[in-house]
Amino acid sequence: MSDAEPLLVLRNIRKSFGRIEVLKGIDLTIGKGEIVALVGDNGAGKSTLIKVITGVHKPSAGEIVFKGEPITLKNVQASRLLGIETVYQERALADQQELWRNIFAGRELTRFLGFLDVKAQKRETGRLMRSGMGLTSRAITVDSEVKGLSGGEKQSVAIGRALYFDADLIILDEPTMGLSLKETERVLAFVRSIREQGKSAIFIDHNIFHVHDTADRFVILDRGRVVGQFHRSELTHQQLVDMMIELHEAGQVAR
Amino acid sequence: MTSVASSAKDQAAETQHGPSFLWRNRFQIAIIGMLVVLYAIFLIGDWRTYTSFDIYRSFMISIPFFGIMALAATYVVTLGEIDLSFPSIYGLAGWVFSSVYVATASFPLAFLLCLMVGVVGGLINGLLVTKIGIPSIVATIGTMFLWRGLVNVLTQGQGIPIAQITNDPWHALFVGQIPLGGPVVIPAQFLWFLAAAIFFGVFFKRHRFGGHVLFVGDDEQSARMMGIHVDRVKIACFVILGVSAAFSSVFLLNQMLFFWATTGDGYLLTTLAAVFIGGTSVFGGKGTMIGTFVGVLIIASLEPGIIAIGLSGFWTQFVYGLLITISVAIYALMLKRG
Ligand SMILES: Nc1ncnc2c1ncn2[C@@H]1O[C@H](COP(=O)(O)OP(=O)(O)O)[C@@H](O)[C@H]1O
Ligand SMILES: [Mg+2]
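Residues numbered from 1 in each chain as written. Chains lettered and ligands numbered in written order. Predicted model: local features only at pLDDT ≥ 70, side-chain atom pairs only at ≥ 80, totals over all residues. Heavy atoms only, no water.

**Q** Is there a simple way to explain the overall build of chain A in this structure?
**A** Helix and strand counts for chain A come out as eight helices and ten strands. Here the C-alpha atoms of chain A give a radius of gyration of 19 Å, agreeing with the 18 Å that 2.2 N^0.38 yields for 255 residues. Seen along its three principal axes, the alpha-carbon backbone of chain A occupies a region of about 55 × 40 × 40 Å. Residue burial in chain A is summarised as follows: out of 255 residues, 56% are buried. Counting contacts in chain A only where the partners sit at least 6 residues apart, residues at least 24 apart contribute 63% of the total. Total accessible area computed for chain A in this model is approximately 10900 Å², and 50% of it derives from carbon and sulfur atoms. Mean positive and mean negative side-chain charge positions of chain A (35 and 33 charges, respectively) differ by 6 Å. (Helix = DSSP H or I, 4+ residues; strand = E, 2+ residues; numbered from the N terminus. Rg over C-alpha atoms; globule rule 2.2 N^0.38 Å. Buried < 20%, exposed > 50% of the residue type's maximum accessible area, 1.4 Å probe, protein only. Contact = heavy atoms within 4.5 Å. Areas by Shrake-Rupley, 256 points an atom, 1.4 Å probe, with all protein chains shown as cover. Lys, Arg positive; Asp, Glu negative; His and termini not counted. Charge placed at Lys NZ, Arg CZ, Asp CG, Glu CD.)

**Q** Whenever I open this one, the interface of chain A and chain B confuses me. Can you help?
**A** Interface size is commonly expressed as the accessible area that is lost once the parts come together. Contact with chain A, which involves 47 residues of that partner, is made by 39 residues of chain B. Of the roughly 3600 Å² buried between chain A and chain B, counting both surfaces, carbon and sulfur atoms make up 54%. It is Gln96, Arg130 and Arg138 of chain A that lose the most area in chain A upon contact with chain B, and together they represent 18% of the buried surface on that side. Where chain A touches chain B, the interface holds one salt bridge. (Buried area = accessible area lost by both parts, 1.4 Å probe. Salt bridge = Lys/Arg side-chain N within 4 Å of Asp/Glu carboxyl O.)

**Q** Explanation requested: the nonpolar core in the structure shown.
**A** A general tendency of soluble globular proteins is for nonpolar side chains to be buried together. The biggest cluster of nonpolar side chains holds 135 residues, and the ones touching the most others in it are Leu8, Leu49, Leu169 and Ile202 of chain A together with Phe97, Ile298 and Leu302 of chain B. When residues of this core are assigned to their parent elements, the largest contribution, twelve residues, is made by helix H14 (residues 230-256) of chain B. Residues contacting Leu169 of chain A, with those up to four places away along its chain left out, are Leu7, Leu8, Ile30, Ile53, Phe66, Gly83, Ile84, Glu85, Ser200, Ala201 and Ile202 of chain A. Listed in part, the 31 residues of the second largest apolar core include Val87, Ala162, Ile170 and Ile220 of chain A. (Core = buried A, V, L, I, M, F, W, Y, C linked by side-chain atoms within 4.5 Å.)

**Q** Looking at this structure, how should I read the environment of Lys154 of chain A?
**A** Residues and elements named next belong to chain A. Within the fold, Lys154 resides in helix H5 (residues 151-164). You can call Lys154 buried: its relative accessible area is 19%. Between the alpha carbons of Lys154 and Asp117 there is a distance of 24 Å; along the sequence they are 37 residues apart. Among all residues touching Lys154, those that are not within four sequence positions of it are Arg91, Leu93, Asp95, Val146, Lys147 and Leu149.

**Q** What should I look at first to understand the coordination of the magnesium ion (ligand 2) in this one?
**A** Under perfect tetrahedral coordination by four donors, a metal shows angles of 109.5 degrees; under perfect octahedral coordination by six donors, it shows angles of 90 or 180 degrees. Donor atoms from the polypeptide that bind the magnesium ion (ligand 2) are Ser47 of chain A (OG) and Gln89 of chain A (OE1), placed at 2.0 to 2.2 Å. Taken together, the residues Ser47 of chain A in helix H1 (residues 46-54) and Gln89 of chain A in the loop between strand S6 (84-87) and helix H3 (99-103) connect sequence positions 42 residues apart. (Donors = N, O, S within 2.8 Å, 3.2 Å for Na, K, Ca; no water.)

**Q** How do you make sense of the site of ligand 1 when you look at a structure like this?
**A** Residue and element names in this part refer to chain A. Around ligand 1, the structure places Phe17, Val22, Asp41, Asn42, Gly43, Ala44, Gly45, Lys46, Ser47 and Thr48. Contact between ligand 1 and Gly43: an oxygen atom at 2.8 Å from a main-chain N or O atom of the residue. The backbone of Gly45 places a nitrogen or oxygen atom 3.0 Å from an oxygen atom of ligand 1. Per-element tally for the shell around ligand 1: the top contributor is H1, with three residues. Along the lines of polarity and charge, the residues of the shell around ligand 1 split into three nonpolar, five polar and two charged. (Near = heavy atom within 4 Å. Polar contact = N/O pair within 3.5 Å; in protein donor to acceptor, adjacent residues only side chain to side chain. Nonpolar A, V, L, I, M, F, W, Y, C, P; charged D, E, K, R; others polar.)

**Q** Is there a simple way to think about the sheet that holds strand S7 (residues 169-173) of chain A in this case?
**A** Adjacent strands of a sheet pair through backbone hydrogen bonds, lying either parallel or antiparallel. Residue and element names in this part refer to chain A. Strand order in the open sheet made by the six strands is S6-S7-S8-S3-S9-S10, with mixed pairing throughout. On the outer flanks of this sheet lie S6 and strand S10 (225-231), each paired with one strand and no other. With strand direction ignored, the average angle separating the axes of adjacent strands in the sheet is 20°. Where strand S9 (residues 217-222) and S10 come together, six bridges link them in antiparallel fashion. Bridge pairing links Asp222 to Arg225 in S10. Its contacts with the sheet put H5 on S6 and S7, and the angle it makes with S6 is roughly 180°. Where helix H6 (residues 181-196) meets the sheet, it contacts strand S3 (35-39), S7 and strand S8 (200-204), and its direction lies at approximately 155° from that of S7. (Pairing = 2+ DSSP bridges. Axes fitted to C-alpha atoms, helices over the stretch in contact; angles between N-to-C directions.)

**Q** Honestly, helix H16 (residues 289-308) of chain B in this entry has me stumped. Any pointers?
**A** A turn of α-helix holds 3.6 residues, and therefore any two residues three or four places apart point the same way. Residue and element names in this part refer to chain B. The terminal C-alpha atoms of H16 lie 28 Å apart, and with 20 residues this matches the ideal 28 Å at 1.5 Å per residue to within 8%. The element H16 is extensively covered by neighbouring structure, given that 14 of its 20 residues are classed as buried. For H16, the N-terminal capping position is held by Thr288, with its side-chain oxygen 3.3 Å away from the main-chain nitrogen of Ile290. At the exit of H16 stands Gly310, carrying a positive phi of roughly 100°. (Expected span 1.5 Å × (residues − 1).)

**Q** Would you take a moment to explain the pairing of S3 of chain A for this structure?
**A** The two faces of the sheet receive side chains in turn, since in a regular strand these alternate between them. Residue and element names in this part refer to chain A. S3 sits mainly inside the fold: five of its five residues count as buried. The side-chain alternation of S3 yields two buried faces, one formed by Ile35, Ala37 and Val39 and the other by Val36 and Leu38. By the bridge criterion, four bridges tie S3 to S8 in an arrangement that is parallel. Opposite Val36, over in S8, you have Ile202 as the bridge partner. Sheet topology places S3 next to S9; four bridges connect them, and they run parallel.

**Q** Looking at this structure, I do not really get the sheet that holds strand S2 (residues 20-30) of chain A. What am I missing?
**A** All names here are of chain A. Strand order across the open sheet formed by four strands is S2-S1-S4-S5, with antiparallel pairing between neighbours. Each of the sheet's edge strands pairs with one partner strand only, and the pair in question is S2 and strand S5 (69-71). Along the sheet, successive strands turn relative to each other by an average axial angle of 30°, direction set aside. In this sheet, strand S4 (residues 61-66) lies alongside strand S1 (residues 8-17) in antiparallel orientation, the contact comprising five bridges. Pairing of Arg14 across the sheet is with Ala61, part of S4. Each of S1, S2 and S4 is contacted by H1, which is oriented at about 115° to S1, the strand it contacts most.

**Q** How should the confidence of the model for chain B be read in this particular structure?
**A** When pLDDT is low, close inspection of the predicted coordinates is not appropriate. All names here are of chain B. Taken residue by residue, chain B gives an average pLDDT of 90. The fraction at 70 or more is 94%. Throughout residues 1-16 the model reports pLDDT below 50, and contacts reaching past four residues in sequence, or to other chains, amount to 23 contacts. The complex prediction reports pTM at 0.89, with the ipTM value standing at 0.86. (pLDDT = per-residue confidence, 0-100.)

Shown next, in the form of structure tokens:
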């Protein structure tokens, strides 16, 4: 694929739960090496949109084109195989399971007939903890359960997992929620590093400052519609903040 | 990738210490301790009986009648689900085995059709729970009555004698007695039980499937987002339990040589009690096959043990209740702390 060709194109994506239409025709393009922020109020449909991209939800209508090919995602496995990794808002960890099980959940390292290569999973988890995740507390090992970890440590595990599989598109849904300042800094640094590796990201965050510092482009979502798209150079922090307030109060933005 | 960890921190990580072996295996250790205490009491209560081989032989004969189901039920309970219908599947599968054997004199055919009943019974439970969305406790109350009711209709309450099966070469494969010299005779079904324990244990903790069972039981939504086929995993667990129930009925029938319309009925609570005494959590996500194995040994030795120490059989249920209550209380406290 050529560099000019976008990595992901969504055309007129709709999604209804029962009679409620949550996504009302979304068009979105993600370029190669681009970090795109999705911003919008709670309930705007951000999480639903990314779950359509990862195959958790089937869209009711619309087209997804990834690396130039139209795709239908039967399940999450399918999107992972294509090179889409996700750090879900809910983190998608299992509390009572060890780290080495959580990192490889759903795509375990196996030796034969589906028997786990526990040694390899532990070794890789340990490596990842020290390099990618920065989990260096002495109290945490590959055998630790997720339950005892702090919010930031849990987020590190979720991010480390997304990192391990070397995806082309990494999606992060409110990754800084509930984190300390220091932990937040780490997560934002990680998001920026995605661009340096020539990969793409979709980044959802409520903090406009995080968004403005990190993303190349902002896509504003409101009640299931894209109501504005701006390049970072087009808007200052303050203009973005003002726009969000305006959207909140008036229910629309003037482009 | 930005590595925030400094090399000094890397060094520290090399020598880190996580949860200790004892702590990680606290449930297994607790139940093995319970078994040891229980046997100490039995030995003190009746030294002669508990130092002779006979009582252990009778344990080995009867344990597999419900023990294999307890191992399989550990998967279902670890999912955070429950199955109340397996004793009825046991009954229906047993009826199929007996009638087909009487009609055709073919052990393999009877055995195969019997297992099919287990597969179909488990499949129906799994589909009701995953595709229709009925909570498992409700769905399996339904199928429990359904299959037992079907047995009643089919048999009109009549039993089926199958004494002629003792001449079948397959008979010994299931319940033959293997002499090891002196008074030591191992019933074949106990070897099957041991094999099942190893098989289920390895699949549980060392196979992708067991990992998925743990993950789904722990957090179903997370499992879905990680691309685990949640429904498939659940259905498979119900099928495993159904097939185990059918398989177990073959041991019972070959030993008893008679099918009753009530065959399997008494095993519901003992089987589930073995799982819970073993330390598998009803909340899902945490289970232990070693725990269930020891739980089976405890449940099986309780009744003869109570008699051996000089109490009447009327005490049995009371002691069951005491043991179950104490053990689950201990586990709950452990979970709270851990
Ligand atoms: N699985 C679901 N079933 C029904 N409604 C849902 C489901 N998931 C999300 N919704 C609804 O869709 C809307 C958008 O939700 P969401 O995508 O989580 O918003 P955001 O992430 O932007 O806060 C909300 O009104 C929410 O209640
Ligand atoms: Mg959301």
